[in-house]
Structures are given as C-alpha cells and as structure tokens.
Amino acid sequence: MPRSTGEIVSGTLLIVESPVLAAAVNRLKLPQITAFATRGFAWLPKSEPGTGRLIARANPDLSGVRKALKELHPAFYDIVIAADADPSGYFISRAVAKFLGKRGGIRFGQLTAISAEALEKAIATARPELPFDDEQLRRHFFIRQQYRSFFSEPLPLMLALGLLSGPFPAQTYITPNKKHFIRSLKPALQLAEVSLKLRPSPAEGLYPAVPAPPSAAVLPYVRGQRFAATQEQISRLFCFQDDALGRTLISYPRTRSNAWYPETWDTLGEQLQRTEPGAVQIPVAMRAIAPAGSAHEALHVISLSDSPHQMRAFLKKELLFLYELIYRHTKAAVSIPPALHKNQILQDEQERLFWADLPLLKDEVMQVKPVVTLQQFMQMLLNTGWVTAGSLGTATDAVLTSGHITLETRPEPHLRVNNSTSAQELCLRAKRTRRMMENAAGLKSDAALSPAQFNKLCTQLFRDEN
C-alpha cells in the first residue's frame, strides 16, 4: 500500500464501508487492489432546514478516516467506491465522491464475493455514474429526520411492535407446551391460535420446508449474546491468518457472496458425500437461495472436510464454539436431515403441506400458535425499508433489550410481545407508526410529486399522526 501522496501506483483503491471487509480484501494481497474502509458514516446525512436538501456533515468521531483517505487517494489512478447496496451505502458513496472532489478515475461498483475473480469483475464492471436516484435518497433521509422530529420512540422498536402485534405471514407454528413446531410450505396471515387438522402426506420423498441458509445476523442470538459481543468474535475469525481457516470461511457475512451459486452447492454436495456417505443432498430445485436484495446472507463453511475437530488446533474455545455452530448450520442447509421420514410430512384438509419435527402416525387435530421466528423477524424488519442490513444487528439488539419484546428459544428462536401494560399501550401506537411509515414510503416513491410537494405532504403526515 502506498504510504505517501508522492508514491504513484497504477492500481485501484477500493473504498468499502467495513474495516473487516477491507482487511479481508487486503489479506488476499492482490497487487493491483488496495481496500480502504470508511468505517460507516464518516459523513453524517442531514436534511437542510427549509429546503430538505440532503447534505453531508463531517462526523467528528471519524476525522481520522477522512484524513487517511485524503492522504491516500492521490496515489491511485483508479478509485472504485463499493458501499453496501442500501440507502445508507448510497449516501456514503455520494459523500465519498464529493469529498474526493473533481479528480478523475472515480467509479461505483458492487462486491458479490471476496475472491480475486469477483474483485476483478467488480472493478471491471464499475461505472462512473452514481447507481441510485438522488431525489429518492433525499426523500429517504428526509422521512427519517421527520420521524425523529415528531417522535421519541426508536423507529426499529415501533416497527417491531407493529409487525408482531398485527396479523403476520406465519409459516412456523408451535405447540402449547413449546416442545415441538411445524412449518408450512407457504405462509398464511395469522395472529391468534389456530386448529390444524393434519394427517401424514402420501407424498414420499418430498421435503417441503427446506431450511433457509442461516443468516449471519441470527447467530449471536442463537448463542444468547448481543450482536455487538459476537461481532468481535466473527471479526477475529475472518482476520485469522492461518491458511486452514482462511480457505474454510467466507470473508465477510454482510456482502453478497457466491455462497449459494451452483458451483458452490455442487462442491459442498461432493464434500458432503465424502464426509458422510449416507447423507442425502437437497435436490437442485429445492435449494434455498439467499434473496438477491438481502445484504445479510449466509455465513457458512466452504470446506466441509475441515471439521470442527480438525480446527481445534487453530481456534480458541469461544471461536471453536462459533465455528461448530456455523459448521452445523451449513450442513443443515445442504443436506436433507437424516431423521426426516414421510410421517413428518403432513397435509391439512386443503392439502397444504407442512413439515413437523415429530412423526404423526394418524390424523390429528393440533392446537398450535403461529409465531415469528428470529430469522423471519429480522427479514421482516429489513423488508420495511427503514432498517438497513448494516444496522440490522444493532436494531435487533435494541428491540430485544427494550423490555417490551422477549426472545423465546424453544422449540426454536422466536419472538413474543410481553403482556405488560406498557408494552400493550406501545403496541397501539406502533400499529399507527407502521401505517404511517408505509404511507411515507408511498410518498417517497411518487414520482409525480415535486421536491417541495413531497416535503409539504410528508411533514403534514407526521404532524397529523403526532
């Protein structure tokens, strides 16, 4: 890496948000690529009073980042800004480009994996145009500022309560004793307890509820820790220099990777057959593919031959525990569980398919309660559009420590709203907040509105709901 502005190299300066991601890229030691991290918001988004124009204000806590970037960037002919593909990432991209001024060679790209081939492709396909609509970005941050102006409750908490207290697309149901669960093939809007008349399905060999690849953001809560506490351990895994670990884990959990591309699936399937000859790989048509728009994709092992037992020599106890958890989740996402029998594939009177974690030998009416699993909740929070992938762990931490929502661990992690008076009163306001933010999103996407019209209508919306 160049150490002064006088040292000119014909390489690319790749600017990303996360220092962990930058370290992973630099660890590849590619001669033409040097990664630099903004460490998030080196500039803070602000809406200018009166006009609502989006402006960037220097973050006083990250003055060192700006100084380092100012000294570093002249040494490179080519600069590619590859922040996360969400409103926060778009703002960071724009702020960095403005900070670098009118110098040439600035382009915008997106990482899809941490490998030499993927990095070279991202740089080759980077474009000089900003990959987003500037007015839409302005409206996004204007809405967020209006919310903070009129309401004191944290937005993620209000969205969470609104999601959990209204009908939600239930796909997982638990029995009253919280010992077992069943999962439906397709979600259905539910709220209260329901009775399901189930019977063993005659369809043999069908696996209707393939487990989705585990989100890296879920792992801390499965372990019973806050996201911030576990993030450091995950970072230490990725920053570990030993070759065995370096080739075993993907480089970073928050970027889109080639984790579930066919070639990776085929490789994992071959490894599965070698390590466990009796295991059955999930068929191609039933593979759970991580959503293209999700920044929190699966954190997984890419070499099943490197078992937790073999990694004992390289990892401390707490990191080995984390590796074992990741290893177990990866195998679950690749192979059909060996305990799966046709008696665990059920159907109801409408012939809707379910999978149960216990066999059902005869027709049975089951009283079950629909629940939102932890992973489903985090995806629902992302789907609101007001929580970014980069802030998802922090937002979930805040929700679970609020005292209004509890994380139940049996029979699998799911959330419930507490029965306290304060929680129930807050739920009433949360439902209105959720509708208000949905209406605000509608205003944001209305291309017919001028900036002034949008500002007026949006401000009036929040004032009326306050």
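What you see is a predicted model, and the numbers here were worked out from it, not measured in a lab.

Draft legend 1. Spotlight on the environment of leucine 268. Within the fold, leucine 268 resides in helix α10 (residues 262-275). Ignoring anything within four residues of it in the chain, the contact list for leucine 268 reads His300, Val301, Ile302, Leu304 and Val334.

Draft legend 2. How the structure looks around helix α2 (residues 63-72). Among the residues making up α2, those that are buried are Val65, Arg66, Leu69 and Leu72. With its buried residues spanning 135° around the axis, α2 presents them on a single face. What points out from α2, more than 90 degrees from its buried face, is the exposed set Lys67 and Lys70.

Draft legend 3. Quick look at the packing of helix α5 (residues 134-150) against helix α14 (residues 421-444). Packing of α5 against α14 leaves a shortest axis separation of 10 Å and a crossing angle of 155°. Looking at the two axes, α5 sits roughly antiparallel to α14. Every pair of crossing elements has a handedness; the one defined by α5 and α14 is right-handed. Taking contact as the criterion, the partners of Gln136, Arg139, His140, Ile143 and Tyr147 in α5 are, on α14, Thr433, Met436, Met437, Ala440, Leu443 and Lys444. A breakdown of the residues in the contact of α5 with α14 according to their chemical character gives six nonpolar, three polar and two charged.

Draft legend 4. Expanded view of the pairing of strand β5 (residues 76-81). Of all six residues making up β5, five are buried, and the element is well covered by its neighbours. Looking at chain direction, β5 and strand β6 (residues 106-108) are connected through three bridges and run parallel. Residue pairing in the sheet places isoleucine 81 in a bridge with phenylalanine 108 of β6. Taking the sense of rotation as the criterion, the β-α-β connection linking β5, helix α3 (residues 87-99) and β6 turns out right-handed.

Calculation criteria
Residue positions are given per chain, counted from 1 along the sequence in the order it is written. Given that this is a predicted model, residues contribute local features only at a pLDDT of at least 70 and side-chain atom pairs are listed and counted only at 80 or more, while totals for whole chains, interfaces and linings are drawn from all residues. As a rule here, side-chain values come from all non-hydrogen atoms in the structure, and water together with hydrogens is ignored. Under the scheme used here, helices are H or I runs from DSSP no shorter than 4 residues and strands are E runs no shorter than 2 residues, and both carry numbers assigned from the N terminus. Every residue pair with non-hydrogen atoms within 4.5 Å of one another is taken to be in contact. Per-residue accessibility, obtained with a 1.4 Å probe over protein chains only, is compared with the maximum for each type, and a residue is labelled buried under 20%, exposed over 50%, and partly exposed between these values. Relevant arc is that of directions from the helix axis to the C-beta atoms, nothing else. In this analysis, axes come from line fits to C-alpha atoms, helices being fitted only over the stretch in contact, and the angle between any two N-to-C directions falls in the range 0 to 180 degrees. Note on angle classes: values under 35 degrees are labelled roughly parallel, values over 145 roughly antiparallel, values of 65 to 115 roughly perpendicular, and the remainder oblique. Left-handed describes a crossing in which the near helix is turned anticlockwise from the far one by less than a right angle; the clockwise case is right-handed. All residues other than Ala, Val, Leu, Ile, Met, Phe, Trp, Tyr, Cys, Pro, Asp, Glu, Lys and Arg, Gly among them, are scored as polar; the first ten of these are nonpolar and the last four charged. Whether two strands pair depends on DSSP finding at least two bridges between them. Look down the strands so they point away from you; if the path from the first strand over the helix to the second goes clockwise, the crossover is right-handed.

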